[in-house]
Amino acid sequence: MIYLDNNATTFPVPGLAELMAPYLTSQFGNPSSATYSLGKHAKNAIEKARISLAELIDADPEEIVFTSGGTEAIAMSFMGLCPFMKEGEVIFQSGVEHPAVRESIRFVTNLFSIDSIELENSKTDYFRLPVENETIARARIISAMSVNNETGVIHPVKEIAQFALENNLIFHMDGVQAVGKMPLSFKNSGADLMCLSGHKFGAPKGIGALVMKGGLSWISPSGGGGQEKGRRGGTESVPLIVALGEAARVAKLKLNEGESERLGTLRDRFEELLCNSTPKIEIIGKQLNRISNTSMILASGIVGSELVEALGEKELYISAGSACKTKSFAPSHVLSNMGYSPGECVSALRISFGSLNTLEEAEKAAFILSEEIKNNRSRKITELQSLY
Ligand code: PLP
């Protein structure tokens, strides 16, 4: 098997099951019952994981709120910020945000009678920051992802943060595809809130975090029993938080050892081999700054989802777009908003490398994919000829 769908999810880092096991057996205490040792042990495990995550993202541990994943952290951001917005005020969002952001914004704009404006993206640029003074004056939040999950394009976070600062906006950053895969400092990013998801960098699914600067006008949408300093109610999942802490520790170690550069070597070799052996391949965002593990290509004349299924039978796992979209034929909003036609969107394939992949796998995958694309194209031509 060659698994090249690491933007969908990653292989859990080794040893997680053993680390989690005590919290699923003898150390089952509730961290809120820290008046006795069983509860204290659970509480300490959570705080240790918080420090480990804080070290990975260069944040203050106090700024971290554990959540069930990226989607919940994103929803909590907007649900907590928008009660402070007045009717008619505006949220800016880039045109390539993940559905977790788009749907959260859609929800709050309806609920609070506020507006949202999508910033214009293109094939050759990240997005255009707003220029109209009247609209900027009505804006309160700008939301932009650090790395796009489909194309791997890295947004110019510093520039967005500067724009937010100059215009007194809150900067919400979806960091799900960046955290653990490339060096990232929450402190230096200029973001006010950042969301992350453990399963994108070796933790299990169902655990993530909202990272938030202090002093924001934000109210918890889920106060509950006051856990996470009143920011996210609900008894914490100690085993998952422990696993997240370990995945963060391993990710930091690997990044320090040059993992990001190693993945770049794999990705670049893959693209070189594929383009040299296959006509009519376009690499999306090639001229833009991209995260080193991701390659999104357009293979003219093929249907991405068909190809992904055929490759799956050969145990080469890639994606036809983001994981949530692979079952639908609707063209990706990311590519549409970058200016690609529906026909081009349908031919998109995403290949994303992860820490278990080797150079040999990258080379083998380029060969298998090239053959499959060529076979698929010639099958289509034969089918067409048979109609005449
Ligand atoms: N944001 C981005 C950019 C993502 O890629 C994803 C998941 O694919 C999410 C948010 C949602 O994260 P989660 O799966 O943890 O809910």
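Here goes a summary of the coordinates provided.

Here is what the cut-offs are and how they apply
Each residue is numbered by its place in its chain's sequence as written, counting from 1. Note on the predicted model: pLDDT of at least 70 is required for a residue's local features to be given, and 80 or more for side-chain atom pairs to be given and counted; whole-chain, interface and lining totals, by contrast, use all residues. Only hydrogens and water are removed before side-chain values are computed, so all heavy atoms of the structure are retained for them. A pair of strands is considered paired only if DSSP assigns at least 2 bridges between the two. What counts as a helix is a DSSP run of H or I of at least four residues, what counts as a strand is a run of E of at least two, and both are numbered from the N terminus. Angles run from 0 to 180 degrees between N-to-C directions of axes, and those axes are lines fitted to C-alpha atoms, restricted for helices to the stretch in contact. Every residue pair with non-hydrogen atoms within 4.5 Å of one another is taken to be in contact. Nearness here has a simple test: a residue counts as near a molecule or strand if at least one of its heavy atoms is within 4 Å of that partner. Distance and chemistry together define a polar contact, namely a pair of N or O atoms within 3.5 Å, with one atom able to donate a hydrogen and the other to accept it when in protein, and with adjacent residues in sequence counting only for side-chain atoms on both sides. Methods summary: accessible areas were calculated by the Shrake-Rupley approach with a probe of 1.4 Å, and residue burial reflects only the protein chains presented. Here the nonpolar group is Ala, Val, Leu, Ile, Met, Phe, Trp, Tyr, Cys and Pro; Asp, Glu, Lys and Arg are the charged ones; every other residue, Gly included, is treated as polar. We call a set of buried residues a nonpolar core when its members are Ala, Val, Leu, Ile, Met, Phe, Trp, Tyr or Cys and they connect through side-chain atoms within 4.5 Å of each other. Residue exposure (1.4 Å probe, protein chains only): buried if accessible area is under 20% of the type maximum, exposed if over 50%, otherwise partly exposed. For a helix, the expected span equals 1.5 Å multiplied by the residue count minus one. Stacked, edge-to-face and tilted are the three classes for Phe, Tyr and Trp ring pairs, Trp counted by its six-membered ring, which pair at centre distances within 6.5 Å; planes under 30 degrees apart are stacked, over 60 edge-to-face, the rest tilted.

Overview of the sheet that holds strand 3 (residues 90-94)
Across the sheet, seven strands lie side by side as 2-8-7-6-5-3-4; this open sheet has mixed pairing. Of all strands in the sheet, those with a lone pairing partner are strand 2 (64-67) and strand 4 (115-119), marking the two edges. Neighbour to neighbour, the strand axes of the sheet diverge by 20 degrees on average, direction disregarded. Strand direction decides the pairing type here: strand 5 (residues 139-145) and strand 6 (residues 170-174), joined by five bridges, are parallel. Opposite Ile 142, over in strand 6, you have Phe 171 as the bridge partner. Where helix 4 (residues 99-112) meets the sheet, it contacts strand 3, strand 4, strand 5 and strand 6, and its direction lies at approximately 165 degrees from that of strand 3.

Re the site of the ligand
In the vicinity of the ligand there are 13 residues, among which Gly 70, Thr 71, Asp 174, Ser 197 and Lys 200 approach most closely. At 2.6 Å, a side-chain N or O of Thr 71 approaches an oxygen atom of the ligand. Taking His 199, its side chain carries an N or O atom lying 3.1 Å from an oxygen atom of the ligand. With the chains in place, 86% of the 390 Å² that the ligand exposes on its own is no longer accessible. For the shell around the ligand, the element with the most residues is helix 3 (residues 70-81), which contributes three residues. Classifying every residue of the shell around the ligand by side-chain character gives three nonpolar, eight polar and two charged.

Re the sheet that holds strand 12 (residues 348-352)
In space, the three strands of this open sheet follow the order 9-10-12, with antiparallel pairing throughout. Looking at strand neighbours, the two that pair on one side only are strand 9 (281-283) and strand 12, the edges of this open sheet. Within this sheet the neighbouring strands show an average axis-to-axis angle of 30 degrees, counted without direction. Where strand 10 (residues 294-299) and strand 12 come together, five bridges link them in antiparallel fashion. When the sheet's bridge partners are listed, Ile 297 is paired in strand 12 with Leu 349. Relative to the sheet, helix 9 (residues 259-277) contacts strand 9, strand 10 and strand 12, its axis offset from that of strand 10 by approximately 15 degrees.

Brief notes about the nonpolar core
Leu 53, Ile 57, Phe 171 and Phe 201 are the most contacted members of the largest nonpolar core, which totals 58 residues. A per-element tally of this core places helix 8 (residues 238-256) first, with 11 residues. When residues no more than four places from it in sequence are discounted, the contact partners of Leu 53 are Ile 64, Phe 66, Leu 196, Phe 201, Ala 209, Leu 244 and Ala 248. Judged by nonpolar contacts, the second largest core, of 25 residues, contains Leu 266, Val 308, Leu 311 and Leu 369.

Points about the pairing of strand 7 (residues 193-197)
Each regular strand displays side chains that alternate between the two surfaces of the sheet. Burial runs high along strand 7: five of the five residues are buried. Neither face of strand 7 is exposed, since Leu 193, Cys 195 and Ser 197 on one face and Met 194 and Leu 196 on the opposite face are all buried. Pairing of strand 6 with strand 7 involves three bridges; the strand directions are parallel. Bridge pairing in strand 7 places His 172 opposite Leu 193. Where strand 7 and strand 8 (residues 208-212) come together, five bridges link them in antiparallel fashion. The residue of strand 8 that forms the bridge with Leu 193 is Met 212.

A look at helix 3
For helix 3, which comprises 12 residues, the first-to-last C-alpha distance of 17 Å matches the rise-based estimate of 16 Å (1.5 Å per residue) to within 8%. Looking only at helix 3, the buried set comprises Gly 70, Ala 73, Ile 74, Met 76, Ser 77, Phe 78, Gly 80 and Leu 81.

Some details on the packing of aromatic side chains
With the rule as written, the count across this model stands at two aromatic pairs. With a centroid separation of 6.5 Å and an interplanar angle of 55 degrees, the aromatic rings of Phe 92 and Phe 163 are classed as tilted. With a gap of 71 residues between them, Phe 92 in strand 3 and Phe 163 in helix 6 (residues 157-166) connect regions that are remote in the sequence. By relative accessible area, which is 1% here, Phe 92 ends up buried. The buried category is assigned to Phe 163, whose relative accessible area is 9%. Between Phe 270 and Phe 353, the ring centres sit 5.8 Å apart and the planes meet at 70 degrees, which makes this aromatic pair edge-to-face. Here Phe 270, found in helix 9, pairs with Phe 353, found in the loop between strand 12 and helix 13 (359-386); they are 83 residues apart in sequence, far enough to count as distant. Note on Phe 270: relative accessible area 1%, which makes it buried. Since its relative accessible area comes to 1%, Phe 353 is described here as buried.

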